[in-house]
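In case you want the letters, here they are:
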Amino acid sequence: GVLEKTASNIENIGKEVSSLQSILQAPKLRGNLGEYLLEDLLKQVLPSQSFQMQHSFKDNCKVDAVIKLSERLVPVDSKFPLESFQRLVSLTDENERKVARKEFLRSLKNRIDEIAGKYIRPQEGTFDFALMYIPAENVFYEIMLKDSLSDKDFEVFNYAIQSRIIPVSPNSFYAYLTAIVFGLRGLQIEKKAEKIREDLVLVQESFLKFYEELQKAGRNLNVAHSTSENVLKRADKFNDKIGQVTCIQSELPSAQELIEK
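The structure displayed is predicted, hence computed values, not measured ones. (Residues numbered from 1 in each chain as written. Predicted model: local features only at pLDDT ≥ 70, side-chain atom pairs only at ≥ 80, totals over all residues. Heavy atoms only, no water.)

Per the secondary structure count, the protein chain includes 8 helices and 5 strands. Counting from the amino terminus, the protein chain carries its helices and strands in the arrangement α-α-β-β-β-α-α-β-α-α-β-α-α. For the protein chain, the residues scored as buried account for 28% of the 261 residues in total. When contacts within the protein chain are restricted to residue pairs at least 6 apart in sequence, long-range pairs at least 24 apart make up 60% of them. Total accessible area on the protein chain stands at roughly 18000 Å², and carbon and sulfur atoms take up 57% of it. (Helix = DSSP H or I, 4+ residues; strand = E, 2+ residues; numbered from the N terminus. Buried < 20%, exposed > 50% of the residue type's maximum accessible area, 1.4 Å probe, protein only. Contact = heavy atoms within 4.5 Å. Areas by Shrake-Rupley, 256 points an atom, 1.4 Å probe, with all protein chains shown as cover.)

Here it is, written out as structure tokens:
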């Protein structure tokens, strides 16, 4: 009875998975899921202020995401011709596969051209390259690493790089994001160092002003000291003259004694 119940549960799960797969056949829903997975990965690695989803350019064209690095943006597009790829891998006839392979390569290159033309905009603050996010490791392996789709070595990958598009899978994208995190930390240190340098410049300027005031005070003290010595000499002479008149000689305290009192 327990085995029958378990088998029934497994069958229900299979139906639900099949139903989910049917739902995701719709390109719009699958695209939304790809964007969600992309956003989730960005949230796991980058600070919230370091990326933005659905970034709009001046002509209202939107890219799936941008990564904010220094004063520029790295565009990230998550769309991919999955239907063409699925059609290719599902065929068994070699002639049909050749036709489907050419069609897939053409659609993939068109997608690369579209990303390069729409999202690489240095005049609007982007870097001179963009990332094409391929949300499945097996697809990335087949078209970028295994190179089983073309007679030329790494045809798709080389075409993408020449077009200033960097293809990334979830794993390789994570590596890129980790490197970007270290880059952001370096930029923060650089900004803090620049702020420290600016503060030191202000301190230096304040010290120069203080030194000028100190010199001025020293000059005033020298004048006051000279004046006080002259006054004391005159007072001593005046005391001597009074003593000559009164026949009483009184000793005046020295300047040091006056200070100590």
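Notably, Gln54 is not glycine yet its phi reads approximately 55 degrees, a positive angle. Along the polypeptide, Gln54 turns up in strand E1 (residues 51-56). Although it is not a glycine, Asn60 adopts a positive phi angle of roughly 70 degrees. Looking at the element boundaries, Asn60 is found in the loop between E1 and strand E2 (62-69).

Another point: the packing of aromatic side chains. Given two aromatic rings, one states the distance between the centres and the angle between the planes to describe the pair. Taken as a whole and assessed by the stated rule, the structure comprises 3 aromatic pairs. Ring centres 6.5 Å apart and planes at 20 degrees place the aromatic pair Phe57 and Tyr119 in the stacked group. Taken together, the residues Phe57 in the loop between E1 and E2 and Tyr119 in helix H4 (residues 94-119) connect sequence positions 62 residues apart. When its relative accessible area of 4% is taken as the criterion, Phe57 is described as buried. Among the residues examined, Tyr119 registers a relative accessible area of 2% and is labelled buried. Between the NZ or CZ atom of Arg121 and the centre of the ring of Phe57, over which it lies, the distance is 4.4 Å. (Phe/Tyr/Trp six-rings, centres within 6.5 Å; stacked < 30°, edge-to-face > 60°. Lys NZ or Arg CZ within 6 Å of the ring centre and 35° of its normal.)

Side-chain direction in a regular strand flips from residue to residue, so the side chains alternate between the two faces of the sheet. Burial along strand E4 (residues 130-133) is two-sided: Ala130 and Met132 and Leu131 and Tyr133, pointing in opposite directions, are all buried. Examined bridge by bridge, strand E3 (residues 72-77) and E4 share 2 bridges and lie parallel to one another. Across the sheet, residue Asp77 finds its bridge partner in E4, namely Met132. Relative to strand E5 (residues 165-168), E4 is paired through 4 bridges, and the arrangement is parallel. (Pairing = 2+ DSSP bridges.)

On the surface, Phe207, Leu208, Phe210, Tyr211 and Leu214 cluster together to form a nonpolar patch covering roughly 540 Å² of accessible area. Mapping Leu214 onto the fold places it in helix H7 (residues 170-246). (Patch = residues over 30% accessible without salt bridge, like charges linked within 9 Å, V, L, I, M, F, W, Y side chains within 5 Å. Salt bridge = Lys/Arg side-chain N within 4 Å of Asp/Glu carboxyl O.)

What follows deals with helix H6 (residues 155-162). Every buried residue belonging to H6 is among Glu155, Val156 and Ala160, and all of these are buried. When H6 is viewed along its axis, its buried side chains cluster within an angular range of 130 degrees and face the same direction. Once H6 ends, the next one or two residues include Arg164, with phi positive near 65 degrees. (Arc of directions from axis to C-beta.)

Interpretation of the predicted coordinates at a detailed level should be avoided for regions scoring low in pLDDT. Confidence in the prediction for the protein chain averages 76 pLDDT; 76% of positions are at 70 or higher. The model gives residues 17-26 a pLDDT under 50, and that stretch makes 6 contacts with residues more than four places away or in other chains. (pLDDT = per-residue confidence, 0-100.)

This part covers the pattern of salt bridges. A full pass over the atoms with the stated rule returns 7 salt bridges. The partner of Glu39 in a salt bridge is Lys43, and the shortest N-O contact between them spans 3.4 Å. Taken together, the residues span about one helical turn, with Glu39 and Lys43 both in helix H2 (residues 27-45) at a distance of 4 residues. A relative accessible area of 53% places Lys43 in the exposed class. When the shortest N-O distance is used, the salt bridge between Arg111 and Asp77 registers 2.6 Å. Taken together, the residues Arg111 in helix H4 and Asp77 in strand E3 connect sequence positions 34 residues apart. Residue class for Asp77 comes out buried when judged on its relative accessible area of 0%. One connected set of salt bridges, linked through shared partners, spans Asp77, Arg111, Glu114 and Lys118.

Counting residues in hydrophobic clusters, the biggest one holds 27 residues, and the most contacted among them are Phe80, Met132, Ile134, Ile143 and Ile165. Sorting the residues of this core by element identifies E2, helix H3 (82-90), H4, E4, helix H5 (137-145) and H6 as the ones contributing at least two each. A total of 8 residues in this core trace back to one element, the largest contributor, which is H4. Discounting residues that sit within four places of it in the chain, Ile165 has contacts with Ile112, Ile115, Ala116, Ile120, Ala130, Met132 and Ala160. (Core = buried A, V, L, I, M, F, W, Y, C linked by side-chain atoms within 4.5 Å.)

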